[in-house]
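Results of the structural survey
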Amino acid sequence: HSRGVVSAWVLTGGGAEAIAQLFQVPGASASICEVQIPYSTAALAAYLGSSPERSCSPETARAMAVHAADRARRLGQVDRSPKRSEATDSEPGTRAPQFWGIGVTAALVSDRPKRGEHRAHWAVQGDDFTFDATFRLEKGARSRVEEDEVVSRAVLATVLPLGRGPGVSSAMPGEVQRDSLKGRDLGDIGLRSSESIEIVHARSSPVLTALRNEGRPPIWFREPHL
C-alpha cells in the first residue's frame, strides 16, 4: 500500500479473495481507489462498453485492465487535491503515483460440470507496461472454494512484486518477455506439480506511454500497398 501505486480492480468469475486479503492490511485506501465485480454477462458488457467474445480469456482480462487503468487515473487524480499534490510532490525522494488497472477473469467449479478447462486470466495495465498471466488449474482436484483461494493467491503472488521496483521488468521499450512459473517460483501458494502460470511482460514505447498518460489514445492505420 505504500509503493506509490493507485489501482482500480475489476474481477469476474473468481479471485475476489485477493481483494479481501488486500483490505485486511491497513492502508488499502492509499493504493486501491475502486473494486468492481461485474459478474453477469450483461454487467461485464456494460463495464467494458461492449460484449467480449469470451468472458474468460486473455483478451478480456487485458480489456478489463485497460478500462480499470483509465478509471484509476481519473479517480486517483481527483483524490489528489492541489494542496495535497504540492505537498507530496515537493517532498525529497517522492515521485508521482503510478496508475494501474488490474483485471481478473476466471472459469472455476460451478453447479454444472464445465466441458472446458478450469482457468484464470489476469492482466495489469500500468503507465508504461502490460502484464498478462494465465493459470490453468488441474480439473477436479479442488472444490470451488479451494480453486478461488489458489487463484487469489496466484494473483497476489504475481501482481504485488510488480510494484517493488522502478520498472516492471528489465525489458526494453517495445520488448516482450515470457516466462512460466511453477510452485517453487512463487512460494507456498498451493500450485500442484502439474500446474504453472504463464506470464507475459510488455514494455510500452515512450511515444505510446506519453499518449496514454496525456489521455490521448492513439489511432492505428495501415497504409495499403498500391
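As a reminder, the structure under discussion sits directly above these lines.
The text that follows walks through the structure, step by step, so that each part is easy to find. Each chain has its residues counted from 1, following the order in which its sequence is written. Local features are withheld for residues below a pLDDT of 70 in this predicted model, meaning they are given only at 70 or higher, and side-chain atom pairs are given and counted only at 80 or more; totals for whole chains, interfaces and linings count all residues. Only heavy atoms go into the side-chain values, all of them from the structure, while hydrogens and water stay out.

This next bit is on the nonpolar core. Counting 33 residues, the largest nonpolar core has Trp122, Phe135 and Ile197 as its most contacted members. Labels follow the DSSP assignment, with helices taken as runs of H or I lasting at least four residues and strands as runs of E lasting at least two, numbered in each case from the N terminus. For this core, the secondary structure elements donating two or more residues are strand S1 (5-12), helix H1 (16-23), strand S3 (98-107), strand S4 (118-125), strand S5 (129-137), helix H5 (144-159) and strand S7 (197-203). Of the residues forming this core, the biggest block, six residues, is contributed by H5. Beyond its immediate sequence surroundings of up to four residues, Trp122 is in contact with Ala61, Gly103, Val104, Phe131, Asp132, Ala133, Phe135, Ala154, Val155, Thr158, Val159 and Ile197. By nonpolar core is meant a set of buried Ala, Val, Leu, Ile, Met, Phe, Trp, Tyr and Cys residues that side-chain atoms within 4.5 Å join together. Burial classes: relative accessible area under 20% of the type maximum marks a residue as buried, over 50% as exposed, and values in between as partly exposed (1.4 Å probe, protein chains only). The next biggest cluster of nonpolar side chains, apart from the first, holds 10 residues, and it includes Val6, Leu48, Met64 and Ala72. Residues are treated as being in contact if the distance between any of their heavy atoms lies within 4.5 Å.

Burial analysis of S1 places eight of its eight residues in the buried class, which makes it a mostly covered element. Residues Val5, Ser7, Trp9 and Leu11 line one face of S1 and the alternating positions Val6, Ala8, Val10 and Thr12 line the opposite face, and both faces are buried. Two strands qualify as a pair provided that DSSP identifies no fewer than 2 bridges between them. Relative to S3, S1 runs parallel, the two being bridged by eight bridges. In the strand pairing of S3, Val10 is matched with Gly103. As judged from the four bridges shared by S1 and strand S2 (residues 32-36), these two strands associate in the parallel manner. The partner of Ala8 across the bridge, within S2, is Glu34. Classification remark: right-handed applies to a crossover when, strands pointing away from the viewer, the course from the first strand over the helix to the second runs clockwise. Following the backbone out of S1, through H1 and into the adjacent parallel S2, one traces a crossover that is right-handed.

Stacked, edge-to-face and tilted labels apply to pairs of Phe, Tyr and Trp rings (six-membered ring for Trp) whose centres lie within 6.5 Å, assigned for plane angles under 30 degrees, over 60, and everything in between, in that order. Throughout the structure, instances matching the rule amount to one aromatic pair. Each ring, one from Trp100 and one from Phe129, has its centre 5.5 Å from the other, and the planes form 80°; the classification is edge-to-face. Within this pair, whereas Trp100 is found in strand S3, its partner Phe129 is found in strand S5, the two being separated by 29 residues in sequence. Of the two residues, Trp100 and Phe129, neither departs from the other in class, the shared state being buried.

Its location among the elements puts Thr158 in helix H5. Overall, Thr158 belongs to the buried group, its relative accessible area being 6%. Any N or O atom pair separated by 3.5 Å or less is treated as a polar contact, with the protein-specific requirement of one donor-capable and one acceptor-capable atom, and with residues adjacent in sequence counted only for side-chain atom pairs. Side chain to side chain, Thr158 and Trp122 meet in a polar contact 2.9 Å long. In terms of polar contacts, Thr158 uses its side chain to reach the backbone carbonyl oxygen of Ala154, at 2.9 Å.

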